[in-house]
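For reference, the chains in residue letters:
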Amino acid sequence: ELFDKPPGGNGSTLTPPHQDNFYFQSPEPGVALWISLDDMDIDAGTVRFVQGSHCRGLRFHDWDWGPYGGFVKQIDDFTDQDEEFERDVGHLDPGDVVVHHALTVHHAPSNLTSGRRRGLVVNYVPEHVANYMADDLYQPVLEFHVGETGNLTAAVQANWPARQVFAATTVQCALVGWHGVEGGIKHVVRVDADACKLTVEIAEPHAQRQAVLALLESGHVVHGVERVRSMPLRLGSFEVPPPPPLSNGGVPDAHVGVWILRREDCDGGGEGGKPPVCGAKSDVAQEAALRLQSRCGVFVDVQISRPSIDDASTDDASCSSGSDDADAPALAADLRSAASAGVLTLHSDGGRQSGDGGIIAVRHRVTGLQPWNGIECVRRVGWHRGQDGCAAADAVLVEAPVVDRSCDSHADAWHRVEEPLGEHSSAVLELVDDPGGRRGYWVVVGTWFGVVVGRPSGDFLEDMLCKSLPHAVKTCGERWELERRDATRGCEVAFGRVDSPGVFRVTHGVGASREGALLLNDSDRQLRRDAADDGIVVEPWSGRRWKIRDLPHDFAAFGKLKRVIA
């Protein structure tokens, strides 16, 4: 962010007392680096801070209806005690840096000198919360719709020309600065003030999907999942293929199994296409990231977020409407959780990206808990070969980006869970004939199972792309009349262990399936074969029907599949 206060200012260039995290709404407030670009002192409008104010939490802000017409919000309870603890940073030379907490109350007077007063601010938050931040109070969050030609249109606020220009500027900055296309995305942005509509035209077909990704990463939302899926996507020299038909294509045995994600402190971070060297494991005590990969290609990825103390804090009160305080931590954790199911395809990169060739894995999502973010999971894969006392060969699968993107630049180390896998150790069921049009998969590998059922086909979140579910609820929930307890309604995520044939116990879940519950119990909750179709199994307690995609004849985990009595 660049703050430029012109010389000879008056009250219109005052910055009222505020906290940065009111705009960002980060569950884990970060820090700001205020970098001076000019020689300045208090007369030029250097920032003043209230010492210790970051310890008092987030305070209420209201609009400042001053000359800026509502671009700034300020705290409305600035007291004599705050003034008592005010501190001035003193004289700043160009290049001096002032660091402050995102909850620190601060303000700045007008620039009364004859020179410019410019400051560049860089805000830092933890990587794992960056995609959950709400920033509509700082920049307009636009709802784009994809047209038949790939153009994007969004409504802009009526009778507020400055806000319309601001919206167009933020869109142009997102497209020009997008790192996915060298030199930025060529585009035309038009604002029709009479129709209150902003249009983005992207002439190059290969740049249309990149434009969607740029807008999503900037915090906007896009409607039109199928049209975005039909747009071509090129990552570096790799052309991402379209989703394959659901068939038993087969996956090499080395990829089949149960995997747990452990983000590593890596030597070199996998630079130059090389897998990282194992180091200390990151502390992700609040989350569990697990994957089941079947032989027929279908996978289930689950990342369950645990409720934390922060989820019950008053800082998040603005998002807790419609929920009891006792439910707030679990609801917040469900919004952060991620789960997807789809089909894995493997491709050779032909040596274009690394000296000895390699394999690129594309995970085509079919359904999931979080709204789609506009891009398939495309990663270069390799095996860690047991250096420095780490796991043996083929026990650690390393996935790295195909191209270096600022939003996806890390390498992931997936560790195989020790599990004896025979030739007939995996099974896959696909949800069919669902009255609500939901998609879903049930994958069993060895003694582990995972179930992911997505949203009803009429759910508007099913046709929306955005950063994340928490981001969508925080920035647009009021506009959509969406309460967060409804944001995951209709979805089902369950991951767990097969205690014995026909007995499935949930260890991680979202929705109706909670930790410790029995998904199957070998009695009243037991799958049955359809009375008329051997290729269908039925849940008698719910009526849901599952098509058998892969089920070896001697597969024992489901127990004895008796037939439904017609």
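These remarks concern the structure in this document. Note that the coordinates shown come from a computational prediction; the quantities given were computed from them, not determined experimentally. (Residues numbered from 1 in each chain as written. Predicted model: local features only at pLDDT ≥ 70, side-chain atom pairs only at ≥ 80, totals over all residues. Heavy atoms only, no water.)

1. Focus on unusual backbone geometry
Thought 1: The phi dihedral of Asp-433 is positive, around 55°, even though this residue is not glycine.
Thought 2: For Asp-433, the position within the fold is in the loop between strand E26 (426-432) and strand E27 (440-445).
Thought 3: Of the residues examined, Asp-433 reaches a relative accessible area of 58% and is grouped as exposed.
Thought 4: Residues other than glycine seldom take positive phi values, yet Asp-522 does so here, at roughly 65°. (Helix = DSSP H or I, 4+ residues; strand = E, 2+ residues; numbered from the N terminus. Buried < 20%, exposed > 50% of the residue type's maximum accessible area, 1.4 Å probe, protein only.)

2. Overview of the packing of helix H3 (residues 161-176) against helix H4 (residues 205-217)
Thought 1: Interhelical geometry of H3 versus H4 gives an angle of 120° and a closest axis separation of 9 Å. With respect to H4, the axis of H3 lies oblique. Note that H3 runs across H4; the crossing there is right-handed. Across from Val-171, Ala-174 and Leu-175 in H3, the residues of H4 making contact are Ala-211, Ala-214 and Leu-215. (Axes fitted to C-alpha atoms, helices over the stretch in contact; angles between N-to-C directions. Parallel < 35°, antiparallel > 145°, perpendicular 65-115°, else oblique. Left-handed = near helix turned anticlockwise from the far one by under 90°. Contact = heavy atoms within 4.5 Å.)

3. Describing a negative patch on the surface
Thought 1: Together, Asp-39, Asp-41, Asp-43, Asp-88 and Asp-93 give the surface a local cluster of negative charge.
Thought 2: Among the residues examined, Asp-39 registers a relative accessible area of 49% and is labelled partly exposed. (Patch = residues over 30% accessible without salt bridge, like charges linked within 9 Å, V, L, I, M, F, W, Y side chains within 5 Å. Areas by Shrake-Rupley, 256 points an atom, 1.4 Å probe, with all protein chains shown as cover. Salt bridge = Lys/Arg side-chain N within 4 Å of Asp/Glu carboxyl O. Lys, Arg positive; Asp, Glu negative; His and termini not counted. Charge placed at Lys NZ, Arg CZ, Asp CG, Glu CD.)

4. Brief notes about the sheet that holds strand E33 (residues 528-529)
Thought 1: Across the sheet, 9 strands lie side by side as E32-E31-E30-E28-E27-E26-E35-E34-E33; this open sheet has antiparallel pairing. Pairing within the sheet leaves two strands with one partner each, and these edge strands are strand E32 (518-521) and E33.
Thought 2: Sheet analysis places E26 next to E27, joined by 5 bridges and oriented antiparallel. Looking at the pairing, Leu-429 lines up with Trp-442 of E27. (Pairing = 2+ DSSP bridges.)

5. Points about the pairing of E27
A regular strand carries its side chains on alternate faces of the sheet.
Thought 1: Among the 6 residues in E27, 6 count as buried, and that is most of the element.
Thought 2: Here 6 bridges tie E27 to strand E28 (residues 448-453), and the two strands are oriented antiparallel to one another. For Val-445, the partnering residue across the bridge sits in E28 and is Trp-448.
Thought 3: Between E27 and the antiparallel strand that follows it, E28, lie 2 residues; Gly-446 among them carries a positive phi value of about 60°.

6. So, the sheet that holds strand E11 (residues 143-146)
Thought 1: Taking strand neighbours across the sheet as the criterion, the 6 strands line up as E13-E14-E12-E11-E15-E29 in an open arrangement whose pairing is mixed. Looking at which strands have only one partner, the edges of the open sheet turn out to be strand E13 (188-192) and strand E29 (464-465).
Thought 2: Contacts from H4 reach E11, strand E12 (152-155), strand E15 (221-223) and E29, with the element oriented near 135° to E15.

7. Concerning the packing of aromatic side chains
Thought 1: Tallied over the entire structure, the rule returns 10 aromatic pairs.
Thought 2: Among the aromatic side chains, those forming a connected cluster through ring pairs are Trp-442, Phe-449, Phe-504, Trp-546, Phe-555 and Phe-558.
Thought 3: A cation sits over an aromatic face here: Arg-229 above Trp-372, 4.2 Å from the ring centre.
Thought 4: Over the aromatic face of Phe-299 sits the side chain of Arg-363, whose NZ or CZ is 4.9 Å from the ring centroid. (Phe/Tyr/Trp six-rings, centres within 6.5 Å; stacked < 30°, edge-to-face > 60°. Lys NZ or Arg CZ within 6 Å of the ring centre and 35° of its normal.)

8. Here's the deal with the nonpolar core
Thought 1: If you look at the biggest cluster of nonpolar residues, it comprises 39 residues, and the most contacted ones within it are Phe-144, Val-171, Leu-175, Leu-198, Val-200 and Val-222.
Thought 2: For this core, the secondary structure elements donating two or more residues are E11, E12, H3, strand E14 (197-201), H4, helix H5 (225-229) and strand E22 (359-368).
Thought 3: The biggest single contributor to this core is H4, with 7 residues.
Thought 4: Not counting the four nearest positions on each side in its chain, Leu-175 is found in contact with Gly-184, Ile-185, His-187, Val-200, Ile-202, Ala-211, Ala-214 and Leu-215. (Core = buried A, V, L, I, M, F, W, Y, C linked by side-chain atoms within 4.5 Å.)

9. Let's talk about the pairing of E13
Thought 1: In this sheet, E14 lies alongside E13 in antiparallel orientation, the contact comprising 5 bridges. Note that in E14 the partner of Arg-190 across the bridge is Thr-199.
Thought 2: Counting the residues between successive antiparallel strands, the hairpin from E13 to E14 contains 4 residues, one of them, Cys-196, with a positive phi of roughly 55°.

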